[in-house]
Amino acid sequence: MRSSTAQIDIGATPLAVWGALTSADQTPLIFSGLRLVSAWQPDLTVDAYHCATHIATGSVVLADAPRLLVYRLEDPVTTEVDCWISWHLQQREQGITRVRLTVDTLPIDPPVDSIRLLSNLKTYLETSSPLTTGTAAGRPPGRVGG
């Protein structure tokens, strides 16, 4: 697996960040149209949809609200693990949360643009508007060209 980590400070509480990361209504605004659906409890299913297309499934590995969320996604056809995603939330001061995102992907997959995902999350939580919509050049959300 190839690992990338990025972090950002966001003007929101850890609870607000957690809510945005786990709400099927909010994830498309953060992840360029990707909707994540889950009950967000360990061992429960995570389904990822882009528009109406089911593009991945997986499971919650750890969920310690509002501090740590780890889940894995796999290809729905082959059931091979495609990536592991870890969100670490830490309150830095009143109303400021440090968010660290670690994404582990297979070397054959394009890398995930962690900086863009964190920027989208920050912009959404601080302005109530998404930074981007749709996908760039037809690529899946959060993936860089390659």
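The model shown is predicted, which means the values in this text are computed figures rather than measured ones.

Student: Quick question: what am I supposed to make of the packing of aromatic side chains here?
Tutor: What describes a pair of aromatic rings is the distance from one ring centre to the other and the angle between the planes of the rings. If you walk through the whole model with that rule in mind, you get 2 aromatic pairs. Note on Phe 31 and Trp 87: the rings are 6.1 Å apart at their centroids and 40° apart in plane angle, and the pair reads as tilted. Placement of Phe 31 in the loop between α2 (27-30) and β2 (34-38) and of Trp 87 in strand β6 (residues 81-93) is noted, with a sequence separation of 56 residues between them. Here Phe 31 and Trp 87 have matching classes, each one buried. Where Trp 40 meets Tyr 71, the ring centres are 5.3 Å apart and the plane angle is 65°; that geometry is what we call edge-to-face. In this pair, Trp 40 is assigned in the loop between β2 and β3 (45-50) and Tyr 71 in strand β5 (residues 68-74), connecting sequence segments 31 residues apart. Owing to a relative accessible area of 6%, Trp 40 belongs among the buried residues under this scheme.

Student: Hey, could you run me through the sheet that holds strand β4 (residues 53-64) in this one?
Tutor: What links the strands of a sheet is backbone hydrogen bonding, and the strands pair in either a parallel or an antiparallel sense. On the basis of which strands lie adjacent, the open sheet formed by 7 strands has the order β1-β7-β6-β5-β4-β3-β2 and antiparallel pairing. The outermost strands of the open sheet, each flanked by one partner alone, are β1 (2-10) and β2. The average undirected angle you get between the axes of adjacent strands in this sheet is 20°. Note: β2 against β3, 5 bridges, orientation antiparallel.

Student: Just to check I follow, could you spell out the pattern of salt bridges for this structure?
Tutor: Where charged atoms of side chains with opposite charge meet at close range, the side chains can pair. One pass over the full model with this rule turns up 5 salt bridges. Here Asp 9 ties to Arg 98 by a salt bridge, and the two come within 2.7 Å at their closest N and O atoms. Residue Asp 9 is found in strand β1, and its partner Arg 98 is found in strand β7 (residues 96-105); the two are separated by 89 residues along the sequence. Given the relative accessible area of 30%, Asp 9 is considered partly exposed. Note that Arg 67 and Asp 64 form a salt bridge whose closest N and O atoms lie 2.2 Å from each other. Since its relative accessible area comes to 31%, Asp 64 is described here as partly exposed.

Student: What is the right way to read the environment of Gln 91 from this model?
Tutor: On the secondary structure map, Gln 91 appears in strand β6. On a C-alpha basis, the gap between Gln 91 and Thr 13 in space is 6.9 Å, while along the polypeptide they are 78 residues apart. Excluding residues within four positions of it along the chain, Gln 91 makes contact with Pro 14, Ile 96 and Thr 97.

Student: Help me out: how do you make sense of helix α1 (residues 14-22) in this one?
Tutor: In an α-helix, one full turn covers 3.6 residues, which means residues spaced three or four apart are oriented alike. Of all the residues in α1, the buried ones are Pro 14, Val 17, Trp 18, Ala 20, Leu 21 and Thr 22. Taken together, the buried residues of α1 touch α2, β4, β5, β6, β7 and α3 (114-127).

Student: Please clarify how the packing of α1 against α3 should be interpreted in this entry.
Tutor: When two helices pack together, their arrangement is given by the angle between the helix axes and the distance between those axes. Direction vectors running N to C along α1 and α3 enclose 115°, while the axes themselves pass 11 Å from each other. By crossing handedness, the relation of α1 to α3 is classed as right-handed. Between α1 and α3, the contacting residues are Ala 16, Val 17, Ala 20 and Leu 21 on the first element and Leu 121, Tyr 124 and Leu 125 on the second. In the contact of α1 with α3, the residues fall into 7 nonpolar, no polar and no charged.

Rules and cut-offs
Residues numbered from 1 in each chain as written. Predicted model: local features only at pLDDT ≥ 70, side-chain atom pairs only at ≥ 80, totals over all residues. Heavy atoms only, no water. Phe/Tyr/Trp six-rings, centres within 6.5 Å; stacked < 30°, edge-to-face > 60°. Helix = DSSP H or I, 4+ residues; strand = E, 2+ residues; numbered from the N terminus. Buried < 20%, exposed > 50% of the residue type's maximum accessible area, 1.4 Å probe, protein only. Pairing = 2+ DSSP bridges. Axes fitted to C-alpha atoms, helices over the stretch in contact; angles between N-to-C directions. Salt bridge = Lys/Arg side-chain N within 4 Å of Asp/Glu carboxyl O. Contact = heavy atoms within 4.5 Å. Left-handed = near helix turned anticlockwise from the far one by under 90°. Nonpolar A, V, L, I, M, F, W, Y, C, P; charged D, E, K, R; others polar.

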